[in-house]
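A closer look at the structure
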Amino acid sequence: MDFFTLIQILDATVRLAIPLLLACLAGLFSERAGIFDIGLEGKMLAAAFFSAAIASMTGSVWIGLLAGIAASLFLSGVHGLASITFRGNQLISGVAINFLAAGMTVLIAQSWFSQGGRTPSLSGAERFNPINFPGALTTTNEVKAASPLMQVYSELLSGHSLLVYVALLTVPMTWWLLYRTRFGLRLRAVGENPAAVDTAGVSVVGLRYAAVAICGILCGIAGAYLSTALQAGFVKDMSAGRGFIALAALIFAKWRPWQALYATFLFGLFQALELRPDVIEAVIGMKVQGQFLGALPYIMTVVILAGFVGKAIPPRAGGEPYVKER
Amino acid sequence: MDVMPKWAEVVLVPLISLLLAAILSGLVILAIGEDPIAALKLMIDGALGSTYGWGYTLYYATNFMFTGLAVSVAFHARLFNIGGEGQAMLGGLGVALACLIIPWPHWSLGLLGAIVLAGAFGAVWAAVPAYLQAKRGSHIVITTIMFNFIAAAVLNYMLVNVLRPKGAMDPATARFPEAVHLPSLHDILAPIGISFSKAAPANVSLLVAIIACVLVWLLIWRTKLGYEIRAYGHSESAAKYAGISPVKITMIAMIISGALAGMMAINNVMGEAERLVLNATEGAGFIGIAVALMGRSHPLGVFIAAILFGFLYQGGAELALWTSIPRELIVVIQALVILFTGALDNMVRMPLERIFLALRKEGN
């Protein structure tokens, strides 16, 4: 394997890890506040559809992004209503949201576009297009012939869509918000011991709704990235289990932002390698089943959950509705 | 003291939840520019208007009875088994191996063998998450979700690389031998003079599913083990104090749950397709969640809810055939049922409790 192939794989890793990263951070906010969210998948899917659909109708990817975030926020609202206001089962609510998104996206897509559950292909201003850094080479042949440093600059760092850089910035922002602000302290506290937060005179319900809303916004961006940046348009079930991989990454990262970055990039690497079986064969000298690589994030999560590689302890009040008086 | 009388708890709350789900589904149909009343008529005609329609409705219902019972048994121990889909996939693998490797002399023996192997495969697939939950405290919801994906990968690998006959293109096993062909409802009902559609896939597995409903009822409400499962589900600490081992109950409840989900394969793999294909389960494992929630985890409720979902499934297929409403409408209805009967249960319950309290005060 030459250096350029390595750079290409890392480039694919970045592109594939970004939706995982955004969804993982979304889950981090929600679960750190004590609201389990297995509906990340559904929220991403809904956002992917609405951003592509509205971008295609209005011709502006920015309006599309807003629509995607709105759709995801709506589902977050449903989840909040069920799990915070009505103290329902958060897991069941998440399952319902996943199915709601899976069904509604196809139903509306068919009704609006009649193309078998997909949106028209997006092009031009309907998409988030690659941003090329100054001086970066753009064609594959040019990059291949350039020096290693130039290859890194042109292929790996430059040429991603705006949302990739936004997502990478979200990591330090999440860290700062959680560990350096009053809001973050309270948010973490409400996931560990809501009664203490309540005693301090801070609204548990308000904090949890805020966390669920942030989760919705981040899932919305993740979904918009899928349909308007990674691919050009929405297809049925395009989130393809990414919400669950993000959930796996969240456990892998033990609910911490920087570790979430590493975990999602590791899982992104698996996805990138799954697309390049020739490279794996060349490197380790034997054929690895594609199915095995695809299942690796799930297998690793089970191993980690089992506590064989360090222990992952979720926020203590996670999954339990808060009842003020007992 | 219970605020509501028992009939309200058992019948009224689920009925109102269902009604809410139905109204919203109607609005969805209206919003995509179709007539909900006409759609309902078409669904009833297509699913219940002929023995052919009934044959499909009952075929789907059989799947949902197995997966619904699977989720219910786990629910009684307060375990949420989202892994029914993966367990049913593995069950399919068990059925395929049973039918392809062993030369059964008669279908009845083949069916028994298939039930055992399907159940065993499903049980093993549920036992691993159960063990991890019981012994290592890993959350069973997350592990069963992960096991669904791993099951899909395993099945994909087995079909593409191992079980696919030489020269065949599509990832599927060879056809099962004629000897393990299960009698359809047509074959069963013909001797007693009832004519039933020949083309419909409903088969003898339906009877197995009904027997499973009865057995689960006996297990949960008439045996010591069932009592222990329910006690553990109500209060873990009280159960522990009473000498009930959490590890034992978690393992047993999940193994039974997984075996039931796995047994679904005798219907869809052995009874209908007569070979194992990719995505044979078609989401039935997940519908089991809706069925169990709607049926309040009671076998009779599961039976009724399974038939309702069988009707929705077949009716939805008819809708997709004759109108521009895609099959995904069923997924939406399923989601709404899960949402209202499961997650938003309190939204219906709280106002009802208030009404009953007010009524009682007036009565005094």
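Structure shown above.
Residues numbered from 1 in each chain as written. Chains lettered and ligands numbered in written order. Predicted model: local features only at pLDDT ≥ 70, side-chain atom pairs only at ≥ 80, totals over all residues. Heavy atoms only, no water.

For chain A, the count of helices and strands is 14 helices and 2 strands. In terms of C-alpha radius of gyration, chain A reaches 20 Å, essentially the compact-globule figure of 20 Å for 326 residues. Within the span of chain A, comprising 326 residues, buried residues form 56% of the whole. Counted over contacts in chain A with a minimum sequence separation of 6, partners at least 24 positions apart contribute 78%. Carbon together with sulfur atoms contributes 64% to the accessible area of chain A, which is approximately 13000 Å² in total. (Helix = DSSP H or I, 4+ residues; strand = E, 2+ residues; numbered from the N terminus. Rg over C-alpha atoms; globule rule 2.2 N^0.38 Å. Buried < 20%, exposed > 50% of the residue type's maximum accessible area, 1.4 Å probe, protein only. Contact = heavy atoms within 4.5 Å. Areas by Shrake-Rupley, 256 points an atom, 1.4 Å probe, with all protein chains shown as cover.)

Two aromatic rings, taken as a pair, are described by how far apart their centres are and by the angle between their planes. All names here are of chain B. Going through the model one piece at a time under the given rule, you end up with 21 aromatic pairs over all chains. Taken together, a centroid distance of 5.4 Å and an interplanar angle of 75 degrees make the contact between Phe 64 and Tyr 313 edge-to-face. With a gap of 249 residues between them, Phe 64 in helix α3 (residues 51-76) and Tyr 313 in helix α14 (residues 299-322) connect regions that are remote in the sequence. Accessibility expressed as a relative area gives 1% for Phe 64, which makes it buried. An aromatic cluster is built from Tyr 52, Tyr 56, Tyr 59, Tyr 60, Phe 64 and Tyr 313, whose rings are joined through pairwise contacts. (Phe/Tyr/Trp six-rings, centres within 6.5 Å; stacked < 30°, edge-to-face > 60°.)

Now for the interface of chain A and chain B. Counting from both sides, the interface comprises 41 residues of chain A and, opposite them, 43 residues of chain B. For the chain A and chain B pair, buried surface summed over both sides reaches about 3500 Å², with 81% attributable to carbon and sulfur atoms. Broken down residue by residue, the surface that chain A buries against chain B is led by Phe86(A), Phe99(A) and Leu107(A), which jointly contribute 19%. At the surface where chain A touches chain B, the tally comes to 1 salt bridge. (Buried area = accessible area lost by both parts, 1.4 Å probe. Salt bridge = Lys/Arg side-chain N within 4 Å of Asp/Glu carboxyl O.)

All names here are of chain A. Mapping Gln 90 onto the fold places it in helix α4 (residues 90-113). For Gln 90, the side chain forms a polar contact with the main-chain nitrogen of Gly 319, separated by 3.3 Å. Apart from the residues within four sequence positions on either side, Gln 90 is in contact with Gly 34, Ile 35, Phe 36, His 79, Ser 83, Gly 319, Glu 320 and Pro 321. (Polar contact = N/O pair within 3.5 Å; in protein donor to acceptor, adjacent residues only side chain to side chain.)

To continue, consider the nonpolar core. In this structure, Phe64(B), Phe80(B), Val95(B), Phe309(B) and Ile338(B) are the most contacted members of the largest nonpolar core, which totals 220 residues. It is helix α1 (residues 3-32) of chain A that contributes the most residues to this core, 15 residues altogether. (Core = buried A, V, L, I, M, F, W, Y, C linked by side-chain atoms within 4.5 Å.)

With that settled, the discussion passes to the pattern of salt bridges. Opposite charge on two side chains allows them to pair when their charged atoms are near. In this structure the tally under the stated criterion is 9 salt bridges over all chains. Taking the shortest distance from any N to any O, the salt bridge between Glu328(B) and Lys236(A) comes out at 2.9 Å. With Glu328(B) in the loop between α14 and α15 (329-343) and Lys236(A) in the loop between α10 (204-230) and α11 (242-252), the pair connects residues from two separate chains. Overall, Lys236(A) belongs to the partly exposed group, its relative accessible area being 42%. Among the salt bridges present, the one from Glu9(B) reaches Arg349(B), with a minimum N-O distance of 2.6 Å. Remark: Arg349(B) occurs in helix α16 (residues 345-363) and Glu9(B) occurs in helix α1 (residues 6-31); sequence separation between them is 340 residues. Using a relative accessible area of 30% as the deciding quantity, one classes Glu9(B) as partly exposed. The class for Arg349(B) is buried, based on a relative accessible area of 13%. One network of salt bridges, in which partners are shared, links Glu9(B), Arg296(B), Asp345(B) and Arg349(B).

Bringing a nonpolar patch on the surface into the picture now. Together, Leu207(B), Ile210(B), Ile211(B), Val214(B), Leu215(B) and Leu218(B) line one region of the surface with nonpolar side chains, adding up to about 490 Å² of accessible area. With respect to the secondary-structure elements, Leu215(B) resides in helix α8 (residues 205-222). (Patch = residues over 30% accessible without salt bridge, like charges linked within 9 Å, V, L, I, M, F, W, Y side chains within 5 Å.)

Two numbers describe a pair of packed helices, the interaxial angle and the distance between the axes. Residues and elements named next belong to chain B. Contact pair helix α2 (residues 36-48) / α14: the axes reach a minimum separation of 8 Å and the direction vectors enclose 115 degrees. In this view, α2 runs roughly perpendicular relative to α14, as classed from their interaxial angle. Along this stretch, α2 crosses α14, giving a crossing that reads as right-handed. Of the residues in α14, those in contact with Ala 39, Leu 42, Met 43, Ile 44, Gly 46, Ala 47 and Leu 48 of α2 are Phe 311, Leu 312, Gln 314, Gly 315, Gly 316, Glu 318, Leu 319 and Trp 322. Looking at the contact of α2 with α14 residue by residue, the classes come out as 10 nonpolar, 4 polar and 1 charged. (Axes fitted to C-alpha atoms, helices over the stretch in contact; angles between N-to-C directions. Parallel < 35°, antiparallel > 145°, perpendicular 65-115°, else oblique. Left-handed = near helix turned anticlockwise from the far one by under 90°. Nonpolar A, V, L, I, M, F, W, Y, C, P; charged D, E, K, R; others polar.)

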